[in-house]
Structure formats: structure tokens, C-alpha cells
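A structural walkthrough
Each chain, written out:
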Amino acid sequence: MDEVRIACKNCGELLDVKYDWDRLAPPSSLSAFEAKWARRTDPLCLSGVWRFHELLPFAPPEKIVTIGEGQTLLQAADGPGKFVGMQPGRLFLQYEGLNPSGSFKDNGMTAAFTHAHSIGARRAACASTGNTSASLAVYCSVSKLMQAVIFIGSGKISYGKLSQALEYGALTIQIAGDFDDAMLRVKEVCSQLGIYLVNSVNPFRLEGQKTIMLRVLESLGWEVPDWIVVPGGNLGNSSAFGKAFAELKELGLIDRIPRLAIINATGANTLHELYEKRGLRWNAGQPDESIERKFYDEMNAAQHRASTIASAIEINRPVNLMKCLRALEICDGVVREVTDQEILDAKAQVGAGGLGCEPASAASVAGAKKLRKEGVIGADERVVCILTGHLLKDPTATIAYHTTDQDEFNRVLGSRGVRRAEFANRAVSVSNDLDEIIKAIQLYS
Ligand code: F0G
């Protein structure tokens, strides 16, 4: 606990937090957490992460750094539900865009930051497609406990996210390369300069991200849904969700585990390729690593780079692959890939039906639709799609989808294989003339 270490000295694999529950005090029922709602003036009860402290008991209360993360909500979404092919009342969207930095990352950042603070770190770093960096930057700017150092691939981050890092005062290193390059570099830099690394290779990040599932259960009156559908990038969320459910089951706090569907973008589909096409499995902790090695050798030989409009998940080398395989085994999971066209159509439907999201988040809804069509998900099952980031994170993709400017559409989306905008809501241009404006409103409303 008092070391900065992310990988096992012997095998090089990531570390995992394992609790000795016999020496701790986990609650005897999940509803016991409801007592905390009455104590919301205590920041640790207000936080949607730390009100579940007993299930991530790695830090003493006085060391916890919270900025009020996790005030998120589960929305019953019949509009998007219809699009997915669900019966009314069966599709729910877990809206993590409500976090202080606008994405689910704050759930994990409060936990990693707490560990960093408890060991006296003064600088913290991450590689990012934009949300981890925005989250780290906000924790640094609010707490003033550390300097944020962020690594981003040049041109690979949306404006919403870049503006957060800059505004919050993070030292922003743009490197010529993509996320996968930045990830390799930040690890080297952190070990050379002794900077605390907060990417999801950090096991404490995942402890915080477990609470997304706890809040889903809380919102469903502690009932377990049938499916959790989540976008897959670096595979931190999916790994954390699997761990959460395994622990809850072990503690007797739930009686069954939901199925997990992880959705890749077609242009960044390592997990889909390895799990669904090449049969890589956790295999009770003995995965056939030659499958993974061969895949990466081929990827290197072809100089293949990730490419998707969902820049948050534009990742070819997911660092949590092994933990994610474990989660897939725990949750009897499936993996699917969706095209940028499918992602943007789903995104427009999410926005039209309630809470908007960024492209990566909509992969969950597009994936649910695909699984519904295949008959893997039943129309009457209870499905929770995780909306990982806020609509305003990536205005460029949204504007390009709704634009009337064909050149803009082609430049931003056509290059990604997007051909149509079936659910576009196009702005109406009129001259600055009262009669014309009134005519347009009468015509279109
Ligand atoms: N959705 C959003 C909005 C994200 O920002 C990310 C990851 C994911 C999904 C994928 O989650 O890694 O747990 O599978 N963003 C990282 C970042 C990589 O740097 O912000 P995952």
C-alpha cells in the first residue's frame, strides 16, 4: 500500500487489489448503504464513490480526496430503448457524464488520487484520449495537492477534453503519435522521474470504478439487471465491473451476476478480435498468451493503427486486457464491434431520447441494438448501457452529424466511413427577415 507499483515484479502483469474481508467490516446487505443518504453533509457520504467505502476499504477516511464525484443517475430511456428494440421500461442509461469532469473517469480518479495522496505524491501523470486527463487535471486544480502531467496524442483528442486540461492548468505534453504511443511513453517517464501514474493500470482506479455498478444496483432498488453494456477502450471499466460483481457475490450481497457486453469500435477492435474471433479466454487464470502475442505481432507487422470517430476508445493495446478476460468469465460476457456509422446513429438517438453523450459512450447503445437483433439480448430483459461521457466532450462529431454542410460532413465523418445521418436535426437557415423566420417556424414545427 505504501509503494508506487503497478506491475508484478515477477510476471510483469498488473496488480489487483484483494481484500481480506474477514478482517474488514463489509455490510450484511446493500440496503445498509441507504443510511448514508441522511448524512449527505459528510463529503464521504455525498460522494457516489465513497458512500460505498466499505466495499473499497483501502484508504483511511482522513486520506480520501473527494470532489463530489459520482452524483450520477440511471435514466429509464424508452426512446433509445425503442431504437435498440427493447420493450418499454427495459432499457436504462447510466449517465456518467454528470461527474465533475464530465465522464466516468472521476469514479476511478478519486480512488487513485487518494492513494497517491496517501503516499505523498506531488506529481501525477497519465496518457489519455482526453477524459482521464480532464479528470486528473480537475482533481489537481481543486485539491492543489499535485501537479498534473498529461500525455496526449497530437490531434487525437477532442476540443472539449483538451480545453479542460488546459483550463485546469495541467502540464500538457502533446506527442507525435496516438494513445498507444503515449501510454508506452508515460510509463517510461513515470518510472524514470518517480511520477505517480493514474492510468487504469493503477489498481486503485478500478476500485473506484466498481462503484458505477453499485449505483446502478442502488437505482434499481438493489435488483440485479440482466445485462450491463459498456464501451471497451483500455478495458478498465469492464474489468472493474467484473471485479465488483465477483466481490458482491462472494460477500453474499447479490444472488446472481448480470451478463456483461463489451463494445469495441470496429476501428479499434482488439478485444473483439481476440475474444470472439481467436477464442482467447481467461481460462481460470491460465489464458493462452500465445494468441495475444501472435495478434500483436501481426498488428506490428501491418503497422496497424486504431482509427475511429469515437476517439475515447481509439486504442489498439488495451492495458487491462487480462483483467477484462477475467470479467468476461465472471459475467458470462460477450464482445461486439460497431462501426462509426452505428455509433453516431445511436448517439443521435440517445441525445434525442434524453441525455446526450459523446461518441464512445454511444457504442454501448449501438452494441445493445446489435445484440438485440442477434437475439442474444431479449426484448424483455433489463439492460443498462453505460453512458461514459458527456455530449459536450466532443462537439465536432455532433455538429458534423447534424450539419447541412456536405464538405464538413465528408471531412469529419466521410473519412470514417460514415455515409448518412439518418437522425440528423439540421439547422434551418433563413434571412434576417421577420416573415421568413415565421414562415420557417410554421413550416418545420
Ligand atoms: N468511454 C469514454 C468516454 C472514455 O473516455 C473511455 C476511455 C472509454 C469509454 C473506455 O473505457 O478504458 O475503461 O475501456 N478513455 C480513456 C482516456 C482511455 O484516456 O480518457 P475503458
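For clarity, every value in this text was computed on a predicted model and none was experimentally measured. All chains use their own residue numbering, which begins from 1 and follows the written sequence. Predicted model: local features are reported for residues with pLDDT of at least 70 only, side-chain atom pairs are reported and counted for 80 or more only, and whole-chain, interface and lining totals are derived from all residues. Values shown for side chains rest on all heavy atoms present in the structure; no hydrogens or waters enter the calculation.

So, about the site of the ligand. Lining the immediate surroundings of the ligand are 21 residues, of which Ser128, Asn131, Asn234, Leu235 and Thr388 lie closest. Identification of polar contacts relies on pairs of N or O atoms within 3.5 Å, with a donor-acceptor requirement for protein atoms, meaning one able to donate a hydrogen and the other able to accept it, and with residues adjacent in sequence counted only if both atoms are side-chain atoms. Contact distances for the ligand include 2.7 Å between an oxygen atom and a backbone N or O atom of Gly233. The separation between an oxygen atom of the ligand and a polar main-chain atom of Asn234 is 2.7 Å. Out of a free accessible area of 480 Å², the ligand has 99% covered by protein chains. Numbering of helices and strands starts at the N terminus; helices are DSSP runs of H or I of at least 4 residues and strands are runs of E of at least 2. Taken together, the elements giving at least two residues each to the shell around the ligand come down to α4 (131-143) and α8 (236-250). Side-chain classes are defined by residue name, with Ala, Val, Leu, Ile, Met, Phe, Trp, Tyr, Cys and Pro counting as nonpolar, Asp, Glu, Lys and Arg as charged, and the others, Gly among them, as polar. Residues of the shell around the ligand, tallied by class, amount to seven nonpolar, 12 polar and two charged. Nearness is defined per residue: one heavy atom within 4 Å of the molecule or strand is enough. The accessible surface values rely on the Shrake-Rupley method and a 1.4 Å probe; as for residues, cover is taken only from the protein chains in view.

With that settled, consider the pairing of strand β2 (residues 91-95). In this scheme, a residue with accessible area under 20% of its type's maximum is buried, one over 50% is exposed, and one in between is partly exposed, where area comes from a 1.4 Å probe on protein chains only. Burial within β2 is extensive, with five of its five residues counted as buried. With burial as the criterion, each face of β2 is covered, one bearing Leu91, Leu93 and Tyr95 and the other bearing Phe92 and Gln94. Sheet topology places strand β1 (residues 73-76) next to β2; four bridges connect them, and they run antiparallel. Within β2, the position partnered with Leu74 by the bridge is Gln94. Where β2 lies against strand β10 (residues 383-387), five bridges are found, and the strand directions are parallel. Bridge pairing in β10 places Leu91 opposite Val383. If DSSP finds at least two bridges between two strands, the strands pair.

Bringing the side chain of Ser103 into the picture now. Looking at where Ser103 falls in the secondary structure, it is placed in the loop between β2 and α3 (105-118). The class of Ser103 is buried, set by a relative accessible area of 0%. Contacts are residue-level and defined by heavy atoms, with any inter-residue pair within 4.5 Å sufficient. When residues no more than four places from it in sequence are discounted, the contact partners of Ser103 are Glu96, Gly97, Asn131, Thr388, Gly389 and Lys393.

Turning our attention to the packing of α3 against α4. At a minimum axis distance of 9 Å, the contact between α3 and α4 shows a crossing angle of 50°. Compared by their axis directions, α3 and α4 come out oblique. For the pair α3 and α4, the crossing hand works out as right-handed. When α3 is examined against α4, the residues Lys105, Asp106, Met109, Thr110 and Phe113 are found in contact with a partner set consisting of Asn131, Thr132, Ser135, Leu136, Tyr139, Cys140 and Ser143. Of the residues contributing to the contact of α3 with α4, the split by class is five nonpolar, five polar and two charged. Angles shown run from 0 to 180 degrees and are taken between the N-to-C directions of axes, each axis being a line fitted to C-alpha atoms and, for helices, limited to the stretch in contact. The labels follow the angle: roughly parallel below 35 degrees, roughly antiparallel above 145, roughly perpendicular from 65 to 115, and oblique for the rest. The handedness criterion is simple: a crossing whose near helix is rotated anticlockwise from the far helix by less than a right angle is left-handed, and one whose near helix is rotated clockwise is right-handed.

By convention here, two paired aromatic rings are described through the distance between centres and the angle between planes. When two rings of Phe, Tyr or Trp (its six-membered ring) have centres within 6.5 Å they constitute a pair, described as stacked for plane angles under 30 degrees, edge-to-face for angles over 60, and tilted for the intermediate range. A complete count under the given rule lists seven aromatic pairs for this structure. When the centroid spacing of 4.9 Å and the interplanar angle of 70° are considered together, the rings of Phe33 and Phe52 count as edge-to-face. You can see Phe33 sitting in the segment before α1 (43-46) and its partner Phe52 sitting in the loop between α1 and β1, a full 19 residues away along the chain. Among the residues examined, Phe33 registers a relative accessible area of 2% and is labelled buried. What links up through ring pairs into an aromatic cluster is the set Trp50, Phe58 and Phe204. We call a charge positioned over a ring when the NZ of a Lys or the CZ of an Arg lies within 6 Å of the ring centre and within 35 degrees of the ring normal. We note Arg281 situated over the ring of Tyr275; from NZ or CZ to the ring centre the distance is 3.7 Å. The ring of Phe83 has Lys369 sitting right over it, with the charged end atom 4.3 Å from the ring centre.

In terms of burial, strand β4 (residues 147-153) is largely enclosed, as six of its seven residues are buried. Note: strand β3 (residues 123-128) against β4, six bridges, orientation parallel. Directly across from Ala124, in β4, lies its bridge partner Ala148. For a crossover, the right-handed case is the one in which the path from the first strand over the helix to the second runs clockwise, viewed with the strands pointing away from the viewer. For the handedness criterion, the β-α-β arrangement of β3, α4 and β4 is classed as right-handed. Bridging between β4 and strand β5 (residues 171-175) involves five bridges; their strand directions are parallel.

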